[in-house]
Amino acid sequence: MSITAINQQLLRAIGVGIAVVRGDDLRFLFSNAPFAEWFGKPEVGASLQEVLPDIDVDEVRTAMEQTGRYNGEISVKLKRRTLVIALAISSADAEASDLLVVECQNITRIRELESMIDSYSSMVERNTRELEREKERVERLLLNLMPRTVYEEFKTFGVVTPQLYDSVSVVMLDFVNFTKFSANHDPTVTLGELNDIFTAFDRIAEQFGCERIKTIGDAYLAVAGMPEPSPDHMRAVANCAVRFIRYLERRNQSHQYKWEARIGLGTGSAVGSVVGIQKYVYDVFGSAVNLAARLQAFANPMCVVAPDSMKEYLVEEFHLDDLGKQEVRSFGEMRLMRVSPGIELTRKTGRF
């Protein structure tokens, strides 16, 4: 037994609860004011189990035998508030275990702060996940507005440099009597029909390596050969066009509303870039786009019209009908042709 050792531990424990118990029977010999405030003033001779009913005495004895020190926590309800008290029990003398010093420290605030930190961490993780989902949603939205390569440039640099493409092809589709249909039907019906059809068109365009640029009301514009160059861009838009028609024919056989479309093909140069500062849209300008838009007017319902300049690239795969020379606004006199499915496609589908 060493009074000096006890005094040293008491001095180090200023501001914490201190009690001294006998090592053999764990009965109290001394306690200070903080200890009494939390657990009540123990009578001399009271056992540790009586004063601290939540403590496991067997666990204390085992810890003291193995390591010479016990550490634990207990909860105390004091004035309608539950306190978390950290306990440290150690021998007063390193060479003897006649007396044990019980140190008690109120760590309620620490636990509250830890709980707040855990709660904050959970909130940060939750917000991070929400931000990731929002980022993915925005990315999907932007990828619907522009090709991926353009999006990557926009994401990296914040701007998109306008690019001139010398040789691309464009398919432009417009529905027959759309104005009348939209005036005679509920807007939800019109929107539902367009959404269904344009979704199918998107799949067809993707299948043949075309990029849907935009829809303007009932007009559908897709392009091949940009932003990634392609030597088969003329055949790509022609394949899209004839399959757009085939899809509408099949759809009309099983749906209430019947749709017919005129399609124009164009080839030439084009410029692609993001337009706008706050409301972004990727758009395409140039002779190929203008030509496809003009040639729609020369197409009968459910027909595809293309310039004769595309003939040598399409003649082996498609059926081409000469429409003769026509005066095309902004382009002058031009020989046109009607594009229909070729023999291979007709054999596969059983229809011309």
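Look up a bit, the structure's there.
Everything numeric in this text was worked out from a predicted model, so none of it was measured.

K.L.:
Is there a simple way to think about the pairing of strand E12 (residues 318-328) in this case?
P.N.:
Two faces make up the sheet, and in a regular strand the side chains alternate between them. The pairing of E12 with strand E13 (residues 332-341) spans 10 bridges and is antiparallel. Within E13, the residue paired with Val-328 across the bridge is Gly-332. Once E12 ends, the chain turns through three residues before running back antiparallel as E13, passing Ser-330 with a positive phi of about 75°.

K.L.:
Can you walk me through helix H6 (residues 148-157) in this structure?
P.N.:
One turn of an α-helix holds 3.6 residues; hence residues three or four places apart share an orientation. Within H6 the residues assigned to the buried category are Val-150, Tyr-151 and Phe-154. Seen from one end, H6 has its buried residues packed into an arc of 100°, which puts them on one side. Facing away from the buried side of H6 by more than 90 degrees, the exposed set consists of Thr-156 and Phe-157. Just beyond H6, the residue with positive phi is Gly-158, at close to 80°.

K.L.:
What am I meant to see in the packing of helix H5 (residues 108-145) against H6 here?
P.N.:
In a pair of packed helices, the angle between the axes and the distance between the axes together describe the arrangement. Here H5 crosses H6 at 125°, and the two axes come no closer than 8 Å. It follows from the interaxial angle that H5 and H6 lie oblique. As H5 packs across H6, the resulting crossing turns out to be right-handed. Packed against H5, whose contacting residues are Glu-139, Leu-142 and Leu-143, the element H6 presents Arg-148, Tyr-151 and Lys-155 at the interface.

K.L.:
Could you clarify how one ought to interpret the pattern of salt bridges in this entry?
P.N.:
Pairs can form between side chains of opposite charge once their charged atoms are near each other. Using the criterion set out here, one finds 16 salt bridges in the structure. Note that Arg-111 is salt-bridged to Glu-114, the shortest N-O span being 2.9 Å. Of this pair, Arg-111 and Glu-114 are both found in helix H5, three residues apart, which corresponds to roughly one turn of the helix. The class for Arg-111 is partly exposed, based on a relative accessible area of 30%. Close ionic contact of Arg-137 with Glu-134 constitutes a salt bridge, the shortest N to O distance being 2.8 Å. Of the two residues, Arg-137 and Glu-134 both sit in helix H5, three residues apart, roughly one turn of that helix.

About the cut-offs
- Sequence order sets the numbering: in each chain, residues are counted from 1 along the sequence as written.
- Totals for whole chains, interfaces and linings use all residues, but because this is a predicted model, local features are given only for residues with pLDDT of at least 70 and pairs of side-chain atoms are given and counted only at 80 or more.
- Processing note: side-chain calculations cover all non-hydrogen atoms of the structure and skip hydrogens and water entirely.
- We call two strands paired when DSSP finds no fewer than two bridges between them.
- Helix numbering and strand numbering both begin at the N terminus, where a helix is a DSSP run of H or I of at least 4 residues and a strand a DSSP run of E of at least 2.
- Three exposure classes are used, based on accessible area relative to the maximum for each residue type with a 1.4 Å probe and protein chains only: buried under 20%, partly exposed in between, and exposed over 50%.
- The arc in question is the one spanned by the directions pointing from the helix axis to the C-beta atoms.
- To get an axis, a line is fitted to the C-alpha atoms, and for a helix only the part in contact is used. The angle between two axes follows their N-to-C directions and goes from 0 to 180 degrees.
- Orientation labels follow simple angle bins: below 35 degrees gives roughly parallel, above 145 gives roughly antiparallel, 65 to 115 gives roughly perpendicular, and whatever is left gives oblique.
- In this scheme the handedness of a crossing depends on how the near helix is turned from the far one: anticlockwise by less than a right angle means left-handed, clockwise means right-handed.
- We call two residues in contact when some of their heavy atoms are within 4.5 Å.
- A carboxyl oxygen of Asp or Glu within 4 Å of a side-chain nitrogen of Lys or Arg is what we treat as a salt bridge.

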